[in-house]
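If you want the building blocks of each chain, they are given just below.
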Amino acid sequence: MLNTFNEVRKRTENICKPLVIEDYSVQPIIDVSPPKWHLAHSTWFFEQFVLKKFKKNYTVFDDDFAYLFNSYYNNAGERVLRPNRGLMTRPTVSEVYEYRQYVTEHINELLKENQSDKLLELVEIGINHEQQHQELLAYDIKYILGNQPTFPKYDGDIFLQEEKQAQKFISFKEGVYEIGHKGDDFCFDNELGVHKVYVQPFKISNKLVTNKEYLEFMEAGGYQDFNLWHAEGWDFIQKHDLKAPLYWHFTKGGWKYYQFDGLEEIDPNLPVMHISYYEAYAFAEWKKMRLPTEFEWEIAADQLNYGQLWEWTASAYQPYPNFTKADGALGEYNGKFMVNLQVLRGASIATPKNHSRKTYRNFFHSSLQWMFSGIRLVSR
């Protein structure tokens, strides 16, 4: 546990190494949190839920940090509202790194003297929580850099690979299947409890939709045909004048997109990414196919090559049978978001190692594009 904790803490800082100091405090939109905030919030989580509870005579690093870097835990007290995170030029980046070092050292001391089950359980939650923020950091850094006029490069290793296998649709029989996380290894509470579902027979694609396929949808007038869209999706793309995935730019007679290497030609063979649920649904309609339910996706997962992009499903984010929330602030982790959100399954190129599993339930609002999201189809 101690080695894993230290590796995760170091990786978060490594993600930020390519940044310059001016990048750390920027918040272009409400969904994007400044990198400095992620560094501090994931540290506050350990201080709030582990050190204050388990370490004798622990002295809080700074009394103001609980207010500045709490995210949405109402049980933990007042906080800076999400849209205002980018207004904080203070504390400085160097002070946030001092905070990280202070808390990391105290967690190390604590784990060397205490190995109780309850402590280890909370540290494990904190590790997985920080891994979630590592992925969010990748999304947010890309948005911060990708919305600058010069499209600066990010010196990292977060890149898609071609899915070179020939497309085929894998068949699954109708029947009753067991869904949810089994075993004693870590999972989030929204992956429980294990339950049975009945599904009709279905055929699911072995690969993700590519840029080439999505360009065909665009060139066929997909963004102009209201028949393909949910009413809410159609209203959204009209209001925001959307004509392409996020980071796509029509320039000099053709489409280019921003990747971490800068603005470049679109690779037709890579999976299309930065797709909203609205767009994924419309594309599936155009192909006369559909998106999988999250249950179909989980049933098929062992036969799928997944992990490049989070994959939209047709399932609303709802609790499983016998789902229970923890008491207090940690009970706010997943349960209170189970409304007006859509489930995504799989993982992405920004998902930390050992942080993906076939039962993992990610969730976002249908309009969002900034996460690393793509499309897998089911034939009708």
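What you are looking at is a predicted structure, and each value in this text was computed from that prediction instead of being measured. (Residues numbered from 1 in each chain as written. Predicted model: local features only at pLDDT ≥ 70, side-chain atom pairs only at ≥ 80, totals over all residues. Heavy atoms only, no water.)

Describing the pairing of strand 3 (residues 195-199)
- In strand 3, alternate side chains face the same way, and those of His195, Val197 and Val199 are buried while those of Lys196 and Tyr198 on the opposite face are not.
- Alignment of strand 2 (residues 175-179) against strand 3, held across five bridges, turns out to be antiparallel. Of the residues in strand 3, the one forming a bridge with glycine 175 is valine 199. (Buried < 20%, exposed > 50% of the residue type's maximum accessible area, 1.4 Å probe, protein only. Helix = DSSP H or I, 4+ residues; strand = E, 2+ residues; numbered from the N terminus. Pairing = 2+ DSSP bridges.)

What about the environment of alanine 329?
- Looking at the secondary structure, you find alanine 329 in the loop between strand 9 (310-316) and strand 10 (342-346).
- We classify alanine 329 as buried; its relative accessible area is 11%.
- Along the sequence, alanine 329 and glutamate 191 sit 138 residues apart, while their C-alpha atoms lie 19 Å from each other.
- Residues contacting alanine 329, with those up to four places away along its chain left out, are Phe49, Tyr73, Asn75 and Ala76. (Contact = heavy atoms within 4.5 Å.)

Observations regarding helix 1 (residues 2-16)
- Its 15 residues place the ends of helix 1 22 Å apart at the C-alpha level, agreeing with the 21 Å of an ideal helix rising 1.5 Å per residue.
- Buried within helix 1 we find Phe5, Val8, Arg9, Thr12, Glu13, Ile15 and Cys16. One side of helix 1 holds all its buried residues, which, seen down the axis, span an arc of 160°. Across helix 1 from its buried face, at more than 90 degrees, point the exposed residues Asn3 and Glu7.
- Buried residues along helix 1 sit in contact with helix 2 (35-54), helix 4 (93-113) and helix 5 (117-146). (Expected span 1.5 Å × (residues − 1). Arc of directions from axis to C-beta.)

Quick notes on the domain arrangement of the protein chain
- Once the domains are mapped, the protein chain shows domain 1 (1-147) and domain 2 (169-379).
- For domain 1 versus domain 2, the distance between C-alpha centres works out to 27 Å.
- Listed by partner, the interface residues are 29 residues for domain 1 and 29 residues for domain 2.
- Taken together, the connections running from domain 1 to domain 2 amount to zero salt bridges.
- Secondary-structure elements contributing two or more residues to the side of domain 1 that touches domain 2 are helix 2 and helix 5. (Domains from an automatic or database assignment. Salt bridge = Lys/Arg side-chain N within 4 Å of Asp/Glu carboxyl O.)

Structural notes on the UniProt feature "domain: DinB-like" (unreviewed entry) in the protein chain
- In this numbering, the UniProt entry assigns the feature "domain: DinB-like" (unreviewed entry) to residues 5-135.
- Annotated as residues 5-135, this span is 59% helix and 0% strand, and its ends, taken at the C-alpha atoms, are 16 Å apart. (UniProt positions renumbered as here; feature names shortened; annotations may be inferred.)

Observations regarding the pairing of strand 7 (residues 262-265)
- Pairing between strand 6 (residues 254-259) and strand 7: four bridges, direction antiparallel. Pairing of tyrosine 257 across the sheet is with glutamate 264, part of strand 7.
- Connecting the antiparallel pair strand 6 and strand 7 is a turn made up of two residues.

Re the sheet that holds strand 12 (residues 373-374)
- Read from one edge to the other, the open sheet built from four strands follows the order 11-10-9-12, with strand pairing classed as mixed. Two strands lie at the open edges of the sheet, namely strand 11 (362-364) and strand 12, each paired on one side alone.
- Bridge analysis of strand 9 against strand 10 gives four bridges, and the strand direction is antiparallel. Paired with tryptophan 310 across the strands is glycine 346, a residue of strand 10.

Focus: the packing of helix 2 against helix 5
- The interhelical angle for the contact between helix 2 and helix 5, taken along N-to-C directions, is 170°, at an axis separation of 9 Å. With respect to their mutual orientation, helix 2 and helix 5 come out roughly antiparallel.
- Class assignment of the residues belonging to the contact of helix 2 with helix 5 gives a composition of 16 nonpolar, six polar and four charged. (Axes fitted to C-alpha atoms, helices over the stretch in contact; angles between N-to-C directions. Parallel < 35°, antiparallel > 145°, perpendicular 65-115°, else oblique. Nonpolar A, V, L, I, M, F, W, Y, C, P; charged D, E, K, R; others polar.)

A few points about the side chain of asparagine 108
- Here asparagine 108 is to be found in helix 4.
- In terms of polar contacts, asparagine 108 uses its side chain to reach the side chain of asparagine 6, at 2.8 Å.
- If near-sequence neighbours (up to four positions away) are discounted, asparagine 108 is found in contact with Leu2, Phe5 and Asn6. (Polar contact = N/O pair within 3.5 Å; in protein donor to acceptor, adjacent residues only side chain to side chain.)

Re the nonpolar core
- Tyr214, Phe217, Trp229, Trp370, Phe372 and Ile375 are the most contacted members of the largest nonpolar core, which totals 98 residues.
- When residues in this core are grouped by element, the largest group, 13 residues, is from helix 5.
- A domain-level breakdown of this core finds at least three residues from each of domain 1 (1-147) and domain 2 (169-379).
- Here phenylalanine 372 is in contact with Ala138, Tyr139, Lys142, Ile158, Phe260, Met273, His274, Leu309, Trp310, Ser348, Ile349 and Ala350, once residues within four sequence places are set aside. (Core = buried A, V, L, I, M, F, W, Y, C linked by side-chain atoms within 4.5 Å.)

A closer look at the pattern of salt bridges
- For the coordinates displayed, the defined rule picks out 17 salt bridges.
- Between lysine 182 and glutamate 178 there is a salt bridge, and its shortest N-O distance comes to 3.9 Å.
- Overall, lysine 182 belongs to the partly exposed group, its relative accessible area being 45%.
- Note that glutamate 216 and lysine 212 form a salt bridge whose closest N and O atoms lie 2.9 Å from each other. On the criterion of helical spacing, the pair formed by glutamate 216 and lysine 212 is a turn pair, its members being four residues apart in helix 6 (residues 211-219).
- The partly exposed category is assigned to glutamate 216, whose relative accessible area is 31%.
- Judged by its relative accessible area of 46%, lysine 212 falls in the partly exposed class.
- One salt-bridge network, held together by shared partners, links Arg9, Glu13, Arg100 and Glu130.

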